[in-house]
Structure formats: structure tokens, C-alpha cells
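Per-entry structural report
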Amino acid sequence: MLRGGRMYGERDDLDPPRPALYGIPPDAIADERPDRRPEDAKRVGLSRHTEEGAVVHFVANLDRAKPGHKMMAWILLVTFATPALYTLFLLL
């Protein structure tokens, strides 16, 4: 046996099982949520637990019918486009 009560070959980087919340296992709640990621993001392996995947997840959940969501989409567009445009102007 190794330190910590683990046997040789057992992984220590796995999350321990979590208790059920209100009698519902946590995995059941996660499985019921719709996955709105684009197919390309799923194929590449982006999840909401990565930096890039979190942005994709956030943007995929925006609703174009809501004015606040439209405003956030424009803010994100300006935020990500400004450095690219600035670099382009410096190169010219």
C-alpha cells in the first residue's frame, strides 16, 4: 500500500464520488441539460470546463430574441474583434 491508503496502480486524480443533492445523483442532473454546443465544438472536444469551451458554451446559450443577449453579443464581438483590427491597422 502507498501513502494515503491507495493501492499501487489506483488513480488519485479522479474526483471522489459526490453525495446526491436532494436525493438526485449529480450525474443525472448534468445528463438532462441540453447540450447546445455546435457540432464542431463537440468534435474538437471543447466543453464548458475549458477556457475556449466556456466562451463557446456561453455564446451558444444566448437568445437572439432577448435584447440583453443581443447587447452581450455585440460586446463580445467588439471585445474579440478590436485586437485583430488594431493589429491589422499596425501592419498597414
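Residues numbered from 1 in each chain as written. Predicted model: local features only at pLDDT ≥ 70, side-chain atom pairs only at ≥ 80, totals over all residues. Heavy atoms only, no water.

**Notes on the overall build of the protein**
When its secondary structure is counted, the protein shows four helices and zero strands. The helix and strand sequence of the protein, counted from the amino end, reads α-α-α-α. Among the 92 residues that make up the protein, the fraction classed as buried is 4%. Sequence-distant contacts, at least 24 apart, represent 10% of the contacts inside the protein between residues at least 6 apart. Surface accessibility of the protein: about 8500 Å² in total, with carbon and sulfur atoms responsible for 62%. (Helix = DSSP H or I, 4+ residues; strand = E, 2+ residues; numbered from the N terminus. Buried < 20%, exposed > 50% of the residue type's maximum accessible area, 1.4 Å probe, protein only. Contact = heavy atoms within 4.5 Å. Areas by Shrake-Rupley, 256 points an atom, 1.4 Å probe, with all protein chains shown as cover.)

**Quick word on the pattern of salt bridges**
The tally for this structure, following the rule as stated, stands at two salt bridges. For the salt bridge of K42 with E39, the shortest nitrogen-to-oxygen distance reads 3.4 Å. Taken together, the residues span about one helical turn, with K42 and E39 both in helix 2 (residues 39-44) at a distance of three residues. Exposure remark for E39: the relative accessible area of 57% places this residue in the exposed category. We note a salt bridge from R43 to D40, for which the minimum N-O separation is 3.5 Å. Of this pair, R43 and D40 both sit in helix 2, three residues apart, which is roughly one turn of that helix. In this structure, R43 and D40 share a single accessibility class: exposed. (Salt bridge = Lys/Arg side-chain N within 4 Å of Asp/Glu carboxyl O.)

**Overview of helix 4 (residues 67-91)**
Across its 25 residues, helix 4 extends 36 Å between first and last C-alpha, which sits within 8% of the 36 Å expected from 1.5 Å per residue. Maximum bend of helix 4: about 35°, positioned at A81, with proline P83 one to four residues after it. (Expected span 1.5 Å × (residues − 1). Bend = angle between axes of the 7 residues up to and from the residue.)

**Quick look at the environment of R48**
Mapping R48 onto the fold places it in the loop between helix 2 and helix 3 (51-60). Residue R48 is classed as partly exposed on the basis of its relative accessible area, which comes to 39%. Distance from R48 to R37, taken between C-alpha atoms, is 9.2 Å for residues eleven residues apart in sequence.

**Brief notes about the confidence of the model for the protein**
Predicted confidence across the protein gives a mean pLDDT of 77, with 63% of residues reaching 70 or more. Mean pLDDT in the protein bottoms out at helix 1 (residues 26-32), which sits at 57, and peaks at helix 4, which reaches 94. (pLDDT = per-residue confidence, 0-100.)

**Some thoughts on a nonpolar patch on the surface**
The grouping of V55, F58, V59 and F80 at the surface amounts to a nonpolar patch, some 360 Å² of accessible area in total. With three residues, the single largest contributor to the nonpolar patch is helix 3. (Patch = residues over 30% accessible without salt bridge, like charges linked within 9 Å, V, L, I, M, F, W, Y side chains within 5 Å.)

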